[in-house]
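What follows is the residue order along each chain.
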Amino acid sequence: MKIESLKKIVFLFSLLVLLSFGLLNSNASAASVGDQLTSPEPGWIRYDDLDPMLKFGGSWFTDTAALNYKGTQQYTKTGTYSFKFTGNAFRLIASSFKAHESTSVEVTTDGIAELYSGVKLKDNRQVILYEKLNLPYGEHTVTVKNLETAKNVTIDAIDLNIQKPSYPINLVAIAGDGQVSLNWNQIKNAESYIVRFGTESGNYTETVNSTKDEYGNFVIPGLTNGTTYYFVVTAIVNGIEFQPSNEASAIPQGTVVEPEQPSSNRAILVVTMNTGLEKEFDLSMQEVNSFIDWYETKQAGSGKASYAIDKHDNNRGPFKSRKDYVLFDRILTFEVSEY
């Protein structure tokens, strides 16, 4: 029993260690200001201090050390640096030596200034000295200036989050005659839309602009019937073109005209008498219409009581003609089958 109890204790202790290790790893995976970060986190891109995007003003000097990102970083007491980027977040990466680094640095983002005076210097390199997160996606201008000229402001690298956010657009293509109608859901803040299409999936050779109100039924005319077309649409928000919609396809088709059935302009007239007797006549439509006119006139209270129907090919014998006289008050119903 003692051995079994010991095994349980060892198992529980091991499980606790594993859980603690997992929690430590999960906490360590999200870097923050003051942490060393030798490579950009997923979704971020790192730019070296020598990248042309950085513009330096004043006198700057180069520090070469193997532990710097790509071996160099720039420093100054009185100079400034600036950069522009399109994205939604940035980080300033540099060394954080207590004896040399200023802790009173002004960072101006799109005209709004902040200080990164709260950094705890840890005598290390490639440290996040400042970060600006959750900016609206778009172009931003950043300027960095040292306010404590007795020490240096240093820049080793800049991490940018430039992932373009997406708006969920559900695109549907409906084929017509020589055209395709496109429907997609409204993007609330869209200034306009761009429609791209082509005859190969993923290869869009044509571009059409649409207004912000044309999401409901946007028609692409002048297409070739029988050809498959592929479409995507993107929204323009704050001047930025965002990620495209799903791809939709359609095949324009010409209107199918059903050929008219040839007409002999004749009909079979079947008159059913109130005795149940049926009389059938093969007549021209003119004769049928004359019969109907007589019937309706008599039903209205005027006209003859009987109507003579020519039997035509039913004539037999030496007779010049044969006619069947039907009496109005003996007719139960009649049927006309045109052919």
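Residues numbered from 1 in each chain as written. Predicted model: local features only at pLDDT ≥ 70, side-chain atom pairs only at ≥ 80, totals over all residues. Heavy atoms only, no water.

Caption draft 1: The arrangement of the overall build of the protein in detail. A count of helical and extended segments in the protein gives two helices and 25 strands. Put simply, the protein has 339 residues, and 35% of those count as buried. Across the protein, the fraction of contacts at a sequence separation of at least 24, relative to all contacts at a separation of at least 6, is 66%. Of the accessible surface of the protein, which amounts to about 20200 Å², a share of 52% is contributed by carbon and sulfur atoms. (Helix = DSSP H or I, 4+ residues; strand = E, 2+ residues; numbered from the N terminus. Buried < 20%, exposed > 50% of the residue type's maximum accessible area, 1.4 Å probe, protein only. Contact = heavy atoms within 4.5 Å. Areas by Shrake-Rupley, 256 points an atom, 1.4 Å probe, with all protein chains shown as cover.)

Caption draft 2: Inspection of the pattern of salt bridges at higher detail. The full count for this structure, using the stated rule, is eight salt bridges. Taking the shortest distance from any N to any O, the salt bridge between E41 and R91 comes out at 2.9 Å. Highlighted residues: E41 in the loop between α1 (2–28) and β1 (45–48) and R91 in strand β6 (residues 89–94), separated in sequence by 50 residues. This pair shows no difference in class: E41 is buried, exactly as R91 is. We note a salt bridge from D324 to K279, for which the minimum N-O separation is 3.3 Å. Here K279 lies in strand β22 (residues 278–284) and D324 lies in strand β24 (residues 323–327), a separation of 45 residues in the sequence. Linked through salt bridges whose partners overlap, the residues forming this network are E41, R91 and E131. (Salt bridge = Lys/Arg side-chain N within 4 Å of Asp/Glu carboxyl O.)

Caption draft 3: Fine view of the sheet that holds strand β9 (residues 127–132). Taken in spatial order, the four strands line up as β1-β12-β6-β9 in an open sheet, and their pairing is antiparallel. Across the chains shown, the open sheet's two edge strands, defined by having one partner strand only, are β1 and β9. Taken over all neighbouring pairs, the strand axes of this sheet differ in orientation by 25° on average, direction set aside. (Pairing = 2+ DSSP bridges. Axes fitted to C-alpha atoms, helices over the stretch in contact; angles between N-to-C directions.)

Caption draft 4: Representation of the side chain of R125 in the model. Mapped onto the secondary structure, R125 falls in the loop between β8 (112–115) and β9. Overall, R125 belongs to the buried group, its relative accessible area being 17%. Leave out the neighbours within four places in its chain, and R125 touches Q36, D63, A65, L67, N68, Q73, A94, S95 and F97.

Caption draft 5: Spotlight on the packing of aromatic side chains. On inspection of all chains with the given rule, the structure shows 21 aromatic pairs. Look at F90 and Y130: their rings are 5.9 Å apart centre to centre, the planes differ by 40°, and that puts the pair in the tilted class. Separated by 40 residues along the polypeptide, F90 in strand β6 and Y130 in strand β9 bring together distant segments of the chain. Neither residue differs from the other here; F90 and Y130 are each classed as buried. One aromatic cluster in this structure is built from F291, W294, Y295, Y307, F328 and F334. (Phe/Tyr/Trp six-rings, centres within 6.5 Å; stacked < 30°, edge-to-face > 60°.)

Caption draft 6: A look at the side chain of D48. With respect to the helices and strands, D48 occurs in strand β1. The side chain of D48 is buried and forms no salt bridge, while K70, the nearest opposite charge, is found at 5.7 Å. In contact with D48, other than residues within four places in its own chain, are L54, Y69, K70, T72 and D156. (Lys, Arg positive; Asp, Glu negative; His and termini not counted.)

Caption draft 7: Local environment of the nonpolar core. Membership of the largest hydrophobic core comes to 24 residues, with the highest contact counts inside it found for L182, W184, I220 and F231. Broken down by element, the residue count for this core peaks at five residues, all from strand β18 (residues 229–237). Core analysis: the second largest hydrophobic core is formed by 22 residues, W60, L92, V127 and V144 among them. (Core = buried A, V, L, I, M, F, W, Y, C linked by side-chain atoms within 4.5 Å.)

Caption draft 8: Main features of the sheet that holds strand β25 (residues 331–338). Reading across from one edge, β22-β21-β25 is the order of the three strands in this open sheet, with antiparallel pairing throughout. With partners counted over all chains shown, the strands left at the sheet margins are β22 and β25, one partner each. The average undirected angle you get between the axes of adjacent strands in this sheet is 20°. Pairing of strand β21 (residues 266–273) with β25, which is carried by seven bridges, proceeds in the antiparallel orientation. Bridge pairing in β25 places L269 opposite V336. Strands in contact with helix α2 (residues 285–299) are β21, β22 and β25; relative to β25, the strand with the most contacts, it is inclined by about 155°.

Caption draft 9: Spotlight on α2. The end-to-end C-alpha separation of α2 is 21 Å, in line with the 21 Å expected for 15 residues at 1.5 Å each. Listed as buried for α2 are M285, V288, F291, W294 and Y295. Residues of α2 that are buried make contact with β21, β22, β23 (306–310), β24 and β25. Looking at the residues trailing α2, positive phi occurs at G301, about 110°. (Expected span 1.5 Å × (residues − 1).)

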